[in-house]
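Residue-level structure breakdown
The primary structure of each chain is shown beneath.
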Amino acid sequence: MRTVHSNARGLRVSITQGFKAPAQVVHRARQTMVTAAGSGGAAKPTVLVAEKLGSAGLQMLKEFANVDASYSMTPEELNAKVAHSDALIVRSATKVTRQVFEASNGRLKVVGRAGVGVDNVDLAAATEVWKQ
C-alpha cells in the first residue's frame, strides 16, 4: 500500500494503491481524497485532467497513472477523451454532464473535483450510469 499527501492551495490529495475495494473520492470542506484501487502488476489507469492543476499535483498523479492534461476542451472533445479515461479531474469550469458519463461507456470510475462543492457534476446521472 502506498499513500502520497500534498497540500497545494489548500487542497489535500491522498492516493492509495493496493486495495481490493473500488476507487473512491471523499469530499470534506476544502479537502478531497482520491483513493484508487490497483494491483502491483496491473496497467496504470488513465487520468484525464480537464483543468489546470499545480505542477506538484500533476507530478504526483504521474507516479501512479497515465495523465492526459487537456485544458479548454469543448464538450465534444471532453466526451471523446473520457471514453479512454478511468478517472476525470475537474475544477469549476468543466461541466460533467450526463453526456460525459454516457460517453465513458462504463470506463470512467472516478470524478475528482479539485475545489469546494460538486455543483458542476451531474450527481443524479453519475448514480444512474454507475448503477448499470
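Residues numbered from 1 in each chain as written. Predicted model: local features only at pLDDT ≥ 70, side-chain atom pairs only at ≥ 80, totals over all residues. Heavy atoms only, no water.

So, on to the overall build of the protein. Helix and strand content of the protein: four helices and eight strands. The order of α-helices and β-strands along the protein, N terminus first, is β-β-β-β-β-α-β-α-β-α-β-α. Residue burial in the protein is summarised as follows: out of 132 residues, 35% are buried. Summarising the internal contacts of the protein: among those between residues at least 6 apart in sequence, 38% fall at separations of at least 24. Put simply, the protein shows about 7,600 Å² of open surface, and 54% of that area lies on carbon and sulfur atoms. (Helix = DSSP H or I, 4+ residues; strand = E, 2+ residues; numbered from the N terminus. Buried < 20%, exposed > 50% of the residue type's maximum accessible area, 1.4 Å probe, protein only. Contact = heavy atoms within 4.5 Å. Areas by Shrake-Rupley, 256 points an atom, 1.4 Å probe, with all protein chains shown as cover.)

The geometry of an aromatic ring pair comes down to the distance between the two centres and the angle between the two planes. The tally for this structure, following the rule as stated, stands at one aromatic pair. Between the aromatic rings of phenylalanine 101 and tryptophan 130, the centroid separation amounts to 5.4 Å while the plane-to-plane angle is 80°, which identifies the pairing as edge-to-face. Remark: tryptophan 130 occurs in helix α4 (residues 123-131) and phenylalanine 101 occurs in helix α3 (residues 98-103); sequence separation between them is 29 residues. Residue tryptophan 130 is classed as partly exposed on the basis of its relative accessible area, which comes to 39%. (Phe/Tyr/Trp six-rings, centres within 6.5 Å; stacked < 30°, edge-to-face > 60°.)

What follows covers unusual backbone geometry. Peptide bonds are, in most cases, trans, and in most cases residues other than glycine have a negative phi. Positive phi outside glycine occurs at serine 72, with the angle close to 55°. The exposure class of serine 72 is exposed, given its relative accessible area of 74%. Of note in the backbone geometry, asparagine 105 takes a positive phi value of approximately 50° without being a glycine. Examined against the element boundaries, asparagine 105 turns out to sit in the loop between α3 and β8 (110-113). When its relative accessible area of 67% is taken as the criterion, asparagine 105 is described as exposed.

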